[in-house]
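Below are the chains, spelled out letter by letter.
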Amino acid sequence: KIDATKNARLHSNMGNIYFDEKKYISALKEYEIAYNIAPNTQASGAYLNNIAKCYLALGNYRLAKNAIEGAIKKDCINMEYYQTLVDCYIKLGISESELKKHIVDNKNPYNRIVVGLIYLYTDRKLQARATFDDFVVKYPDMIITDDVRSILRQM
């Protein structure tokens with residue numbers, strides 16, 4: 001019997017090797033194989049994030065955005081995914097329009113993270129700090145709050 005999860009991990013590891021060697025098309029193919037083998041596993045979000053990073057490196061920002069949005073749907077508590085998403089917004093030139101959307105929809109706490117990251121990545125550190133400070137106060141018990149605190153410490 002073939003262990004799909006183990007096989008997917010092997011392809012993902014090959015993707016990591018190719019990515020480190022800047023062989024993004026080969027890496028992309030390996031990550032896609034990993035995701036297609038195991039689309040409903042805990043690691044599937046990571047595979048989609050890696051796919052997004054390959055697309056970013058290859059300059060296909062729209063496909064990168066689609067992939068990272070899929071990763072966030074699978075695992076909404078991974079800070080790296082939001083960082084990749086904001087990278088996509090910036091590369092697509094839509095960070096300001098996305099900022100406005102995420103500010104308006106303040107019912108979803110994860111939107112506050114996106115707002116803070118957009119501020120941070122577009123060199124508005126005061127707004128980023130205020131947004132992240134507010135997040136930490138409002139959502140002290142969320143798992144991702146430790147990642148927000150880490151960003152604040154690095155600022």
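For the structure, check the block above.
Criteria and cut-off values
- Residues numbered from 1 in each chain as written.
- Predicted model: local features only at pLDDT ≥ 70, side-chain atom pairs only at ≥ 80, totals over all residues.
- Heavy atoms only, no water.
- Helix = DSSP H or I, 4+ residues; strand = E, 2+ residues; numbered from the N terminus.
- Buried < 20%, exposed > 50% of the residue type's maximum accessible area, 1.4 Å probe, protein only.
- Arc of directions from axis to C-beta.
- Contact = heavy atoms within 4.5 Å.
- Salt bridge = Lys/Arg side-chain N within 4 Å of Asp/Glu carboxyl O.
- Core = buried A, V, L, I, M, F, W, Y, C linked by side-chain atoms within 4.5 Å.

Colleague: How do you make sense of the environment of Lys-29 when you look at a structure like this?
Modeller: Here Lys-29 is to be found in helix α2 (residues 24-37). A C-alpha to C-alpha distance of 8.5 Å links Lys-29 and Ile-51, two positions 22 residues apart in sequence.

Colleague: Can you walk me through helix α9 (residues 145-154) in this structure?
Modeller: One turn of the α-helix equals 3.6 residues, which is why residues spaced by three or four share an orientation. Residues of α9 that are buried include every one of Thr-145, Val-148, Ile-151 and Leu-152, and no others. Viewed end-on, α9 has its buried residues packed into an arc of 110°, placing them on one side of the element. Exposed residues pointing more than 90 degrees away from the buried face of α9 are listed as Arg-153 and Gln-154. On its buried side, α9 packs onto α5 (79-92), α7 (109-121) and α8 (125-138).

Colleague: Teacher, can you tell me more about the pattern of salt bridges here?
Modeller: For side chains bearing opposite charge, pairing can occur when the charged atoms are close. On inspection of all chains with the given rule, the structure shows eight salt bridges. The salt bridge partner of Asp-134 is Lys-138, with a shortest N-O separation of 3.3 Å. Placement of the pair is Asp-134 and Lys-138 together in helix α8, with a separation of four residues, close to one helical turn.

Colleague: Just to check I follow, could you spell out the side chain of Ser-95 for this structure?
Modeller: Considering the arrangement of structural elements, one finds Ser-95 in helix α6 (residues 95-104). On the accessibility criterion, Ser-95 (10% relative accessible area) is buried. Dropping the residues within four chain positions of it, Ser-95 is found in contact with Tyr-89, Ile-90, Ile-118 and Thr-122.

Colleague: I tried to follow the nonpolar core on my own but got confused; where do I start?
Modeller: In a soluble, globular protein the nonpolar side chains are often hidden away together inside. Within the largest apolar cluster, 44 residues are counted, with the highest numbers of intra-cluster contacts made by Ile-51, Tyr-82, Ile-113, Leu-117, Phe-132 and Ile-144. Looking at this core element by element, the count peaks at eight residues for α7. Discounting residues that sit within four places of it in the chain, Ile-51 has contacts with Leu-28, Tyr-31, Glu-32, Tyr-35 and Ala-67.

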